Amino acid sequence: MRWLLAAATLVALALATALAIRTFKTPAPAGPSATKPGPTTCPEASLRPPPPLPEATAAPLQLVVDPAVRLLIDGAEPGPSLLEGVHSIEASAAGQKSARVLLQVDAFTPVLLEARAGSGAVTVLMVGGRCANCAGAVANLDLRYRPDSLGSLSGVAKALSEGDWLEGAHLMRGIAPSDRDSAEPARLLAVLYAFAGRPSLVREQLEKLEDPPLRAALTRRDALEELKPVRQLQTATPRWNATTERFQRLTDRFVSEAPKQLTMLTVTFDELSRTFGTAQEAKDAIGCEAALEAANAALGDLVMTLRSMRPEDCAWQKRVSEAL
């Protein structure tokens, strides 16, 4: 591990020297684009770089799926893990309204998905992930019973199948407290709270459920959560090296077009390399992740700067993408 970090540091120092020499030269004018710029911005012009080594940061996935339900993630049968980012979740069952929501997955963070049919709709409970197409959380989530409101579990379930927790909350307020005590409303409340971004309230509802498969899956997810720092340290050096290699490719290909930005980035990487090495020696997972996050954020900003230089030149955009 130490020789890899040393190599990465030497690369950064060598690049700093090379850039210092090259930036005194007048940059050669860019050659004509192989593709004539179009009248509109190229699709790639708005793309930030993906994380390096995404498989290394994948989130373990726990599933509890009703036998009557078919669950698809990104249009396919789910595997044991999910890459960082947004994923489409579809869950269907005969005679029930299908569920369609977007799931935001964070690096390393284990996810539990429970898909169940009931009250006329399939709903998906998320633990460890967030609904990416749901309304934002509100300061005061009021679910107090209102006798003048009309509500039904069927209406709540159908609203939640689409991630519409605001409508689900509106309908839940029309259900009397005595009718919320059974397992079905408790679970729907857990789904609602998950979509609203209230994980502590999700746990409160799940504690009310006598559901051994769900409890076992939740226990496994929590155990994996505790191992998150271990996984972060195990993969930190390969991820740092992959980030440094991406930096080197961008430097080699774009130093003539963006010498000032790359010189500044070289200084930043030299500092972050020392910070990362110190954290790795101390087995400081938080410190390693902070250095990696800062390095990738700086790289991302550089990439977007390069893309903004020629947003209508698709050949240029492709060249940027290929350097990643």
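Here is a short report on the structure shown in this document.

Parameters and conventions
- The residue numbers shown here count from 1 along each chain, following its written sequence.
- Totals for whole chains, interfaces and linings use every residue, but because this is a predicted model, local features are given only for residues with pLDDT of at least 70 and side-chain atom pairs only at 80 or more, for both listing and counting.
- Water and hydrogen atoms were dropped before computing side-chain values, which therefore reflect all heavy atoms in the structure.
- Working definition: with a 1.4 Å probe on protein chains only, accessible area under 20% of the residue-type maximum means buried, over 50% means exposed, and in between means partly exposed.
- By the criteria applied, helices consist of DSSP H or I runs no shorter than four residues and strands consist of E runs no shorter than two, each listed in order from the N terminus.
- By definition, the arc is the one covered by directions from the helix axis to the C-beta atoms.
- Contacts are assigned to residue pairs with any non-hydrogen atoms lying within 4.5 Å of each other.
- Here a polar contact is recorded for every N or O atom pair within 3.5 Å, except that within protein the pair must consist of a potential hydrogen donor and a potential acceptor, and residues adjacent in sequence are included only if both atoms are side-chain atoms.
- Any two strands between which DSSP finds at least two bridges are classified as paired.
- Pairing of aromatic rings covers Phe, Tyr and Trp, the last counted by its six-membered ring, and requires centre-to-centre distances within 6.5 Å; plane angles under 30 degrees mean stacked, over 60 mean edge-to-face, and any other angle means tilted.
- Both site types are read off a 1 Å grid over the protein atoms alone. A 1.4 Å probe that fits but cannot get out defines a cavity, while an open set with protein on both sides within 12 Å along at least five of seven lines defines a pocket; lining residues have an atom within 4 Å of a point.
- Grid points are joined across faces, edges and corners, and a volume is the space filled by probe spheres set on the points.

### Examining helix 10 (residues 314–322)
Piece 1. Within helix 10, burial applies to Trp-316, Gln-317 and Val-320. On an axial view of helix 10, the arc spanned by its buried residues comes to 100°, and they lie on one face.
Piece 2. Taken together, the buried residues of helix 10 touch helix 7 (228–254) and helix 9 (285–309).
Piece 3. Its side-chain oxygen 3.1 Å from the backbone nitrogen of Ala-315, Asp-313 forms the N-cap of helix 10.

### Considering the sheet that holds strand 5 (residues 99–105)
Piece 1. On the basis of which strands lie adjacent, the open sheet formed by four strands has the order 2-4-5-8 and antiparallel pairing. Edge positions in the open sheet fall to strand 2 (70–73) and strand 8 (130–131), since each of these has one partner strand only.
Piece 2. Direction of pairing for strand 5 relative to strand 8: antiparallel, over a ladder of two bridges. What sits directly across from Gln-104, in strand 8, is Arg-130.

### With respect to the packing of aromatic side chains
Piece 1. Scanning the entire structure with this criterion turns up four aromatic pairs.
Piece 2. An angle of 35° between the planes, with centres 6.0 Å apart, marks the rings of Trp-240 and Phe-269 as tilted. With Trp-240 in helix 7 and Phe-269 in helix 8 (residues 259–281), this pair connects stretches of sequence that are 29 residues apart.
Piece 3. Judged by relative accessible area, Phe-269 falls into the buried class, the value being 1%.

### So, empty space enclosed by the protein
Piece 1. In total, this model carries one cavity of 30 Å³ or more according to the counting rule given.
Piece 2. Within this model, the largest cavity holds a volume of roughly 50 Å³.
Piece 3. As for the largest cavity, its lining consists of Leu-206, Glu-207, Leu-209, Asp-211, Leu-214, Arg-215 and Leu-218.
Piece 4. When residues of the lining of the largest cavity are assigned to their parent elements, the largest contribution, three residues, is made by helix 6 (residues 212–226).

### Topic: the environment of Val-138
Piece 1. Mapping Val-138 onto the fold places it in the loop between strand 8 and helix 2 (153–160).
Piece 2. Each residue touching Val-138, except ones within four places of it in the same chain, is listed here: Trp-165 and Arg-198.

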